[in-house]
Amino acid sequence: MTVALRMSNLYAPTLKEDPAEAELASHRLLLRAGMIRKTAAGIYTFLPLGWRVLNKVADIVREEMDAIGSQEMVMTVLQPAELWTESGRWDDYGPELMRLKDRHARDFCLGPTHEELITTLVDNDTRSYRELPLSLYQIQVKFRDEVRPRFGLLRGREFVMKDAYSFHVDQTSLQEHYDEMSRAYGRICERLALEYRPVVADSGQIGGKVTTEFMALAEAGEAELVYCECGWAANVEAAETRVPRSPAVSEPVALDKRPTPGLHTIAELAEAWGISEHDTVKTMAGKSPEGRLVFFCVPGDRELNPVKAGWAVSGVELLDEADFKEFGIPKGSLGPVDPPAGTLVIADASLKGDVAWGVGANEDGFHLYGAQPGRDFEVAQWADLVFAQPGDECPDCGGELLGARGIEVSQVFQLGTKYSEAMGASFTDENGDERPFVMGCYGVGVSRSLAAVIEQHNDDGGIAWPISVAPAEVAVLPLGDGEIATAAEGLYNALADRGIEVVIDDREERPGVKFNDADLIGWPFQIVVGKKGLAEGKLEVKDRATNQKTSVDLDCVVEVVVDLVHGERAKFAH
Ligand code: ATP
Ligand code: MG
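As the structure is a prediction and not an experimental result, all values here were calculated from the model. (Residues numbered from 1 in each chain as written. Chains lettered and ligands numbered in written order. Predicted model: local features only at pLDDT ≥ 70, side-chain atom pairs only at ≥ 80, totals over all residues. Heavy atoms only, no water.)

**Here's the deal with the overall build of the chain**
Assigned secondary structure in the chain consists of 15 helices and 32 strands. In the chain, which comprises 574 residues, the share counted as buried stands at 54%. Partitioning the intrachain contacts of the chain with sequence separation of at least 6 by distance along the chain shows that 70% fall at a separation of at least 24. Carbon and sulfur atoms make up 49% of the accessible area of the chain, which totals about 25,400 Å². (Helix = DSSP H or I, 4+ residues; strand = E, 2+ residues; numbered from the N terminus. Buried < 20%, exposed > 50% of the residue type's maximum accessible area, 1.4 Å probe, protein only. Contact = heavy atoms within 4.5 Å. Areas by Shrake-Rupley, 256 points an atom, 1.4 Å probe, with all protein chains shown as cover.)

**Quick notes on the packing of helix α12 (residues 483-497) against helix α15 (residues 557-572)**
Close contact between α12 and α15 brings their axes to 10 Å; oriented N to C, the two are set at 45 degrees. As the angle between them shows, α12 and α15 are arranged oblique. At the point where α12 passes α15, the crossing takes the right-handed sense. Between α12 and α15, the residues in contact are Leu 491, Ala 494 and Leu 495 and Val 557, Val 558, Val 561 and Val 562, respectively. Taken together, the residues that form the contact of α12 with α15 break down as seven nonpolar, no polar and no charged. (Axes fitted to C-alpha atoms, helices over the stretch in contact; angles between N-to-C directions. Parallel < 35°, antiparallel > 145°, perpendicular 65-115°, else oblique. Left-handed = near helix turned anticlockwise from the far one by under 90°. Nonpolar A, V, L, I, M, F, W, Y, C, P; charged D, E, K, R; others polar.)

**Quick notes on the nonpolar core**
Judged by nonpolar contacts, the single largest core of 68 residues is most densely connected at Met 65, Tyr 185, Leu 450, Trp 465 and Trp 523. Examining the composition of this core, we find that eight residues originate from one element, helix α2 (residues 48-67), more than from any other. If you count residues domain by domain, this core takes at least three from each of domain 1 (25-240 + 402-455) and domain 3 (472-571). Discounting residues that sit within four places of it in the chain, Leu 450 has contacts with Leu 30, Phe 46, Gly 50, Val 53, Leu 54, Val 57, Leu 153 and Trp 465. Ala 488, Tyr 492, Val 502 and Val 562 belong to the second largest nonpolar core, which has 26 residues in total. (Core = buried A, V, L, I, M, F, W, Y, C linked by side-chain atoms within 4.5 Å. Domains from an automatic or database assignment.)

**Thoughts on the pairing of strand β2 (residues 36-40)**
The two faces of the sheet receive side chains in turn, since in a regular strand these alternate between them. Pairing geometry for β2 and strand β3 (residues 43-46), over four bridges, is antiparallel. By the bridge assignment for β3, Ala 40 is matched with Ile 43. (Pairing = 2+ DSSP bridges.)

**Structural notes on a negative patch on the surface**
Taken together, the side chains of Asp 170, Glu 176, Asp 179 and Glu 430 present a region of like negative charge at the surface. Tracing the sequence through the fold places Glu 176 in helix α6 (residues 171-191). (Patch = residues over 30% accessible without salt bridge, like charges linked within 9 Å, V, L, I, M, F, W, Y side chains within 5 Å. Salt bridge = Lys/Arg side-chain N within 4 Å of Asp/Glu carboxyl O. Lys, Arg positive; Asp, Glu negative; His and termini not counted. Charge placed at Lys NZ, Arg CZ, Asp CG, Glu CD.)

**Section: the pairing of strand β9 (residues 158-168)**
Of all 11 residues that make up β9, 10 are buried, and the element is covered over most of its length. For strand β8 (residues 134-143) and β9, the ladder comprises 10 bridges, and the chain directions are antiparallel. The partner of Leu 136 across the bridge, within β9, is Tyr 165. Alignment of β9 against strand β25 (residues 438-445), held across eight bridges, turns out to be antiparallel. By the bridge assignment, His 168 is partnered in β25 with Val 438.

**Describing helix α1 (residues 25-32)**
Burial analysis of α1 places seven of its eight residues in the buried class, which makes it a mostly covered element. Taken as a whole, α1 has its buried residues at Ala 25, Ser 26, His 27, Leu 29, Leu 30, Leu 31 and Arg 32. Residues of α1 that are buried sit in contact with β2, β3, α11 (446-456), β26 (458-459), β27 (462-463) and α13 (511-521). Of the residues flanking the end of α1, it is Gly 34, one or two places downstream, whose phi is positive at about 70 degrees.

**A look at the environment of His 278**
Structurally, the position occupied by His 278 is in the loop between α7 (266-273) and β15 (281-287). Considering only alpha carbons, one finds His 278 and His 367, 89 residues apart in sequence, at a separation of 16 Å. Residues contacting His 278, with those up to four places away along its chain left out, are Pro 244, Arg 245, Ser 246, Pro 247 and Asp 301. A polar atom in the side chain of His 278 sits 2.9 Å from the side chain of Asp 301. (Polar contact = N/O pair within 3.5 Å; in protein donor to acceptor, adjacent residues only side chain to side chain.)

**Concerning the site of ligand 1**
Neighbouring ligand 1 are 15 residues; Glu 146, Arg 155, Gly 156, Glu 408 and Val 409 lie closest to it. In the environment of ligand 1, an oxygen atom lies 2.9 Å from a nitrogen or oxygen atom belonging to the backbone of Val 409. For ligand 1, an oxygen atom lies 3.0 Å from a polar atom in the side chain of Arg 448. Within the complex, 85% of the 580 Å² of free accessible area of ligand 1 lies under protein. Contributions of two or more residues to the shell around ligand 1 are made by β9 and β22 (402-416). (Near = heavy atom within 4 Å.)

**Some thoughts on the packing of α2 against α11**
It is at 9 Å that the axes of α2 and α11 come closest, and there the two elements cross at 110 degrees. Taken together, α2 and α11 sit at an angle that is classed as roughly perpendicular. Residues Gly 50, Val 53, Leu 54, Val 57 and Ala 58 of α2 form the contact with α11, whose participating residues are Val 446, Ser 447, Ser 449 and Leu 450. Split into classes, the residues belonging to the contact of α2 with α11 amount to six nonpolar, three polar and no charged.

Written as structure tokens, this is what we have:
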């Protein structure tokens, strides 16, 4: 189908000014280029150009899914609460789940993800190992009532996701498909012209253990990453951490209780004692789901990572003000020596060799210097508890880690039997035994990826779309009417005939307006048709990615531009 657009009747209301609410380039430019409009916080309408781009992103995802034998379907957005009660997530998911009641007061939710629905569906219709493996996907709007919806399409409350789910007889089969999916996710990033890194990640709400996130590198990204030249990379919250330790004191000293009135932070303590924060130990308090007090000890210059605290004690929550009162412990002077009876003390593994800890005395206004594990207190568990940071040792090769920021555009998970067991979803194996499905799930943020592309491909003038997702490939900009318009229409028709997606700016606007809008919207190639050019038989062709302008003979401009487009298309082909 030929795609030929006319700016004169295209609904692309561009804005001259930057919208005040938009901090990030993608948010600002999508609004300015007339591609999206806000309905409410984190909820956006796609206008024709934005919708064209979104569909192109979705089509790339679709092609890559179809190529690995995943089958497209569509599940319902509306899901009954019973499914979620069965898996335990009606309670666990928390306020992010958009809940509603029907007229009979029955509970429903708007799907934030579809593990429950598809597990039930496949369980009802799949009986035998002969029907496995099975991989299904959908591209659909998802709902999550995010605490902080922001950055336009990057963190919405209504957004488009591709979610795929796979069902297997065993781990080997799951691993095979997981690897195929991971490769497909890499190709999707490449075809979107995203500079990306697959990183070790945490599985969060979804569950399961083995998981990889695909991060589009961007300063604006919310995720912090660490990576090594050797290829290892991880999200700081999930990275196995090797904290380099070099304590100032290496021989045990006597335990010394010191008054520290008014000192509540590590920084204040270190300053008062004339030592570095590195030589203090920070204790954070949490409680287990059973109500047991847990002390987490980490190096004073590092932060407790709540994700890892949860790995050490499943379901642990950090104490709030009321909890501190209830347990009767002083928030600013906690420590592992003589904590309240029954307290579980867990310490970061990097502290194992330290013999003189500077810690709180569990008494307001006092700290202890020289506390030694084994002598003055016992550590019940040594664990990896902190966020990784640049400068730490690479767990793979021992090299020094570097830091970067990223936008999580997609994630693959091995769920194993988490959902199939909780929901009693099983198949009959070759011996006639019932076994739970071994499952995987795989998500691509389609609307978030679109925004990530802009974060990586923009300049002061606007968006510079890679051709694979541009709303059209070539723009023809006539700078006048009469013979100029006639020549421009000729080019426009000739390009459309050659299968190029082309747009003509046939509005009665000044050249400056046309140039600005063309750059803002980000058409990859722009042909300027002006009086002078026509007289000289030369037209200017601009490459939006580099902003380089080339003068091309009028006679061969169609040929040249078709070649340019074909060259770009080839870079992103499946
Ligand atoms: P995040 O950690 O950023 O909140 P998530 O890990 O909860 O995301 P997943 O459950 O892995 O998200 O969902 C799959 C994909 O859907 C994500 O990789 C991301 O690209 C996209 N996505 C998730 N939440 C949002 C959102 N609020 N707005 C836009 N896209 C989202
Ligand atoms: Mg994720």
